[in-house]
Amino acid sequence: MSELDPTTTPDNKLASESESFAFDDTDFVYDGVGGGIDDDGNWSEDELSSPEPSTEHKSSKEVKFGDKPIIFAEYAIAGIRPEDITDDLAESALYREWLDSLDENTRLIINERKRAEARHDVIRDEILRLSPLLLEGKLPADQVKQLGCEKYVLGVNQSQAFSFEEARDYVKEENGIGLGIYSLDQRFLLLDENSTIADADYTERIIVGGYYQNSDIGRFIIAIPMGGREQYSAPQDAIGEADTIEDFTQPTSEAGGRSVSPKYIAGFIDDRGKYHENKNFGLSSEPLFD
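1. A word on the overall build of the protein
At step 1: The secondary structure content of the protein amounts to 10 helices and 10 strands.
At step 2: Counting across all 290 residues of the protein, residues that qualify as buried make up 46%.
At step 3: Pairs at least 24 residues apart make up 66% of the contacts formed inside the protein by residues separated by at least 6 positions.
At step 4: Carbon together with sulfur atoms contributes 48% to the accessible area of the protein, which is approximately 15,300 Å² in total.

So, in structure tokens, the structure goes:
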């Protein structure tokens, strides 16, 4: 039997040391891979896009495993082995049989998911050690002072910058963080202190993994001051508020292009989990990263 890698030890390779993949900002891709576990228990890249279930006669494998492949995939990603399931021997045996039936591509995908989850924990712990307030939906106290506003919404964006040096070059080239034809909420995932209280897991996923849930890709952090509103009910209210801030966006070198000004870029979390602050945040449209 070709066993899945049972370990959950994180792969500490950084993006610069391993193959990196290109992503389209308009399409959500979990861990850089689109698709899902099909009815036969194997990975299918177009599974999520299939509009209707197949009406063909079910295979013997589909009949045998039923809806278990989704559960079993979660077991495998979590590093659970068949022998770990001691309270249901029938399920343990079925799970082992399912593992034996997987094709090589599905094994590779599951092992990559395991690596990504283990890496998530490593990066989260590093952020928690160096910049814990970000996981609470807050900026460091000195950055709040620089912004000059106690009420703000954070936006998180991934733009194919892995290292701090790549992030710095990107901001210089785009004159900020490019918006293209998209609205603020199409380029940034929005959160704040209150939304974090309601769903801390969501904030962690976004701060640690970003839009793509891939912590290899760095995360830009912006802040939209909400002092112009006496009250706001959700982070999405920042979309309208940003339109009222005269210097929030600025033109890029591209005709008709616009970007979020570096003045509102608080910092960048690199592929090691280190948060690099923009020293000119809230003060100037000229970025100054440490």
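2. Description of the pairing of strand 9 (residues 265–269)
At step 1: Here strand 9 lies mainly inside the structure; 5 of its 5 residues are buried.
At step 2: Pairing geometry for strand 6 (residues 219–225) and strand 9, over 4 bridges, is antiparallel. Bridge pairing links I221 to G267 in strand 9.
At step 3: Counted between consecutive antiparallel strands, the loop separating strand 9 from strand 10 (residues 275–277) contains 5 residues, among which G273 sits at a positive phi close to 90 degrees.

3. Side note on the sheet that holds strand 7 (residues 249–251)
At step 1: Across the sheet, which stays open at both edges, the 3 strands sit in the order 4-8-7 with antiparallel pairing between neighbours. Two strands in the sheet have a free side with no partner beyond their single neighbour: strand 4 (177–178) and strand 7.
At step 2: Summarising the sheet, strand 4 and strand 8 (residues 258–260) pair through 2 bridges and their orientation is antiparallel. Paired with I177 across the strands is V260, a residue of strand 8.

4. Examining the pairing of strand 6
At step 1: Among the 7 residues that make up strand 6, 7 are buried, leaving the element largely enclosed by the rest of the structure.
At step 2: Sheet topology note: the strand 3 (residues 152–157)/strand 6 ladder contains 6 bridges and is antiparallel. Of the residues in strand 6, the one forming a bridge with L154 is A223.

5. Considering the pattern of salt bridges
At step 1: Under the definition given, this model contains 16 salt bridges.
At step 2: A salt bridge links K68 to E91, with the shortest nitrogen-to-oxygen separation between them at 2.7 Å. Pair noted here: K68 is in helix 2 (residues 68–78) and E91 is in helix 3 (residues 89–101), with a separation of 23 residues, a long-range link.
At step 3: Accessibility expressed as a relative area gives 13% for E91, which makes it buried.
At step 4: Put simply, D121 and R124 hold a salt bridge, and the shortest N to O gap is 3.4 Å. Of this pair, D121 and R124 both sit in helix 4 (residues 104–130), separated by 3 residues, roughly a single helical turn.

6. Some words on helix 2
At step 1: Every buried residue of helix 2 is listed here: P69, F72, A73, A76 and I77. End-on view of helix 2: buried residues confined to an arc of 140 degrees, all on one side of the axis. Looking at helix 2, the residues exposed on the side facing more than 90 degrees away from the buried face are I70 and E74.
At step 2: The first or second residue beyond helix 2 is G79, which carries a positive phi of 80 degrees.

7. As for the packing of aromatic side chains
At step 1: Inspection of the entire model under this criterion finds 10 aromatic pairs.
At step 2: Between Y75 and Y95 the ring centres are 5.3 Å apart and the planes differ by 75 degrees, which places this aromatic pair in the edge-to-face class. With Y75 in helix 2 and Y95 in helix 3, this residue pair connects regions lying 20 residues apart in the sequence.
At step 3: Residues F164 and F289 carry aromatic rings whose centres are separated by 6.1 Å and whose planes lie at 75 degrees to one another, so their mutual orientation is edge-to-face. Here F164 is found in helix 6 (residues 164–174), whereas its partner F289 is found in the segment after strand 10, with 125 residues between them in sequence.
At step 4: Given the relative accessible area of 14%, F289 is considered buried.
At step 5: Aromatic rings pair up to connect F72, Y75, Y95 and W98 into one cluster.

8. Some words on helix 9 (residues 200–209)
At step 1: Where helix 9 is concerned, the buried positions are T203, I206, I207, V208 and G209.
At step 2: Buried residues along helix 9 sit in contact with helix 4, strand 3, strand 5 (189–191), helix 8 (193–198), strand 6 and strand 9.
At step 3: A positive backbone phi angle near 70 degrees is found at G210, which sits one or two residues after helix 9.

9. Overview of unusual backbone geometry
At step 1: Unlike most non-glycine residues, Q160 shows phi in positive territory, near 60 degrees.
At step 2: Since its relative accessible area comes to 29%, Q160 is described here as partly exposed.
At step 3: Of note, Q213 is a non-glycine position whose phi angle comes to about 50 degrees, a positive value.

So, how was this worked out
Each chain carries its own residue numbering, running from 1 in the written order of its sequence. For a predicted model such as this one, the threshold for reporting local features is a pLDDT of at least 70, and the threshold for listing and counting side-chain atom pairs is 80 or more; totals across whole chains, interfaces and linings nevertheless cover every residue. As a rule here, side-chain values come from all non-hydrogen atoms in the structure, and water together with hydrogens is ignored. Note on conventions: DSSP H or I runs of at least 4 residues are helices, E runs of at least 2 residues are strands, and numbering of each starts at the N terminus. Think of it in three bands: with a 1.4 Å probe and only protein chains considered, a residue is buried below 20% of the maximum accessible area for its type, exposed above 50%, and partly exposed in between. The contact criterion used throughout is that any non-hydrogen atoms of two residues lie within 4.5 Å. Accessible surface area values rest on a Shrake-Rupley calculation with a 1.4 Å probe, where residue burial reflects the displayed protein chains alone. Any two strands between which DSSP finds at least two bridges are classified as paired. Salt bridge, as used here: a side-chain nitrogen of Lys or Arg that lies within 4 Å of a carboxyl oxygen of Asp or Glu. Our arc is simply the arc of the directions from the helix axis toward the C-beta atoms. In this scheme Phe, Tyr and Trp rings, the latter by its six-membered ring, pair at centre separations within 6.5 Å, and the angle between planes marks the pair as stacked below 30 degrees, edge-to-face above 60, and tilted otherwise.

Coordinates in, geometry out; function isn't part of it.
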